[in-house]
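Structural overview for review
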Amino acid sequence: MANRRTRLSQEGNPIVLKYNFDENTLTNGQLKVLSFERPTKEWALFILHNRYQQKIETHDYDIVLGPIADDGVAFQLERYVQGIISLDQLIEELTYRQLDIQYYFGTEKALSYLLVELKW
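Quick notes on the rules
Residues numbered from 1 in each chain as written. Predicted model: local features only at pLDDT ≥ 70, side-chain atom pairs only at ≥ 80, totals over all residues. Heavy atoms only, no water. Helix = DSSP H or I, 4+ residues; strand = E, 2+ residues; numbered from the N terminus. Buried < 20%, exposed > 50% of the residue type's maximum accessible area, 1.4 Å probe, protein only. Contact = heavy atoms within 4.5 Å. Areas by Shrake-Rupley, 256 points an atom, 1.4 Å probe, with all protein chains shown as cover. Lys, Arg positive; Asp, Glu negative; His and termini not counted. Charge placed at Lys NZ, Arg CZ, Asp CG, Glu CD. Expected span 1.5 Å × (residues − 1). pLDDT = per-residue confidence, 0-100. Patch = residues over 30% accessible without salt bridge, like charges linked within 9 Å, V, L, I, M, F, W, Y side chains within 5 Å. Salt bridge = Lys/Arg side-chain N within 4 Å of Asp/Glu carboxyl O. Axes fitted to C-alpha atoms, helices over the stretch in contact; angles between N-to-C directions. Parallel < 35°, antiparallel > 145°, perpendicular 65-115°, else oblique. Nonpolar A, V, L, I, M, F, W, Y, C, P; charged D, E, K, R; others polar. Arc of directions from axis to C-beta.

1. So, the overall build of the chain
The helix and strand inventory of the chain stands at 5 helices and 5 strands. In the chain, the succession of α and β elements from N to C terminus is α-β-β-α-β-α-α-β-α-β. For the C-alpha atoms alone, the extent of the chain along its principal axes is close to 45 × 45 × 30 Å. Expressed as a percentage of its 120 residues, the buried residues of the chain come to 28%. In the chain, of all internal contacts separated by at least 6 residues, the share reaching a separation of at least 24 is 77%. Here the chain displays about 8,900 Å² of accessible surface, and carbon together with sulfur accounts for 48% of that area. For the chain, the distance from the average position of its 13 positive side-chain charges to the average position of its 17 negative side-chain charges is 5 Å.

Quick look at the structure:
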């Protein structure tokens, strides 16, 4: 992705940072965490709210994790927004996709738990 981005923008140098994170921190009560295990109605509405309210702080979670909203998910979300499919259909469409898990570190406190492992 770093190579692709620099090639497309025709500027900069690709850099990849790798972080370590102790996942026990997600359940030890030190951080406010919201977790979605799979696409659900609540997950879809959360994603939509955050995408369309970008300039407004929409939640106070330190970390949010759940299925990644990649281009395929974005396409289905847009179909829902346009009224082409229902919320139930949206979730059904996404249930059959193998979605990786994405972590959002939304506060300085959450970021302080990340340890840089490697730069290149």
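2. Quick look at the environment of L99
Within the secondary structure, L99 is located in the loop between α4 (87-95) and β4 (101-105). Here the alpha-carbon distance between L99 and L48, two residues 51 residues apart in the chain, equals 17 Å. When near neighbours in sequence (up to four residues on either side) are disregarded, L99 contacts P39, P67, I68, D70, V73 and L94.

3. A look at helix α2 (residues 41-52)
Since the α-helix packs 3.6 residues into each turn, any two residues three or four apart lie on the same face. When the terminal C-alpha atoms of α2 are compared, their 16 Å separation across 12 residues agrees well with the 16 Å that a helix rising 1.5 Å per residue should span. Residues of α2 that are buried include every one of W43, A44, F46, I47 and L48, and no others. Buried residues belonging to α2 abut β2 (33-35), β3 (63-67), α3 (71-81) and α4.

4. Here we look at the environment of V73
Within the secondary structure, V73 sits in helix α3. For V73, a relative accessible area of 0% corresponds to the buried category. In this structure the C-alpha to C-alpha distance between V73 and R97, which are 24 residues apart in sequence, comes to 9.1 Å. When neighbours within four sequence positions are excluded, V73 is seen to be in contact with W43, I68, L94, R97 and L99.

5. A word on the confidence of the model for the chain
Residues at a pLDDT of 70 or more form 93% of the chain, whose mean pLDDT is 87. Of all the helices and strands in the chain, strand β5 (residues 115-119) carries the lowest mean pLDDT, 68, while β2 carries the highest, 95.

6. A short note on a nonpolar patch on the surface
On the surface, I15, L17, Y19 and V116 cluster together to form a nonpolar patch covering roughly 380 Å² of accessible area. Its location among the elements puts Y19 in strand β1 (residues 17-20). The class for Y19 is partly exposed, based on a relative accessible area of 40%.

7. Quick notes on the packing of α2 against α3
Geometrically, a packed helix pair is captured by the angle between its two axes and the distance between the axes. Following both chains from N to C, one finds α2 and α3 inclined at 85°, their axes separated by 11 Å at the closest point. By the angle between their directions, the pair α2 and α3 is classed as roughly perpendicular. In contact with W43, A44, L45, I47, L48, R51 and Y52 of α2, α3 contributes V73, A74, L77, E78, Y80 and V81. By residue class, the composition of the contact of α2 with α3 is 11 nonpolar, no polar and 2 charged.

8. Observations regarding α4
Among the residues of α4, L87, L90, I91 and L94 are the ones counted as buried. Buried residues along α4 cover an arc of 95° about the axis, so they all sit on one side.

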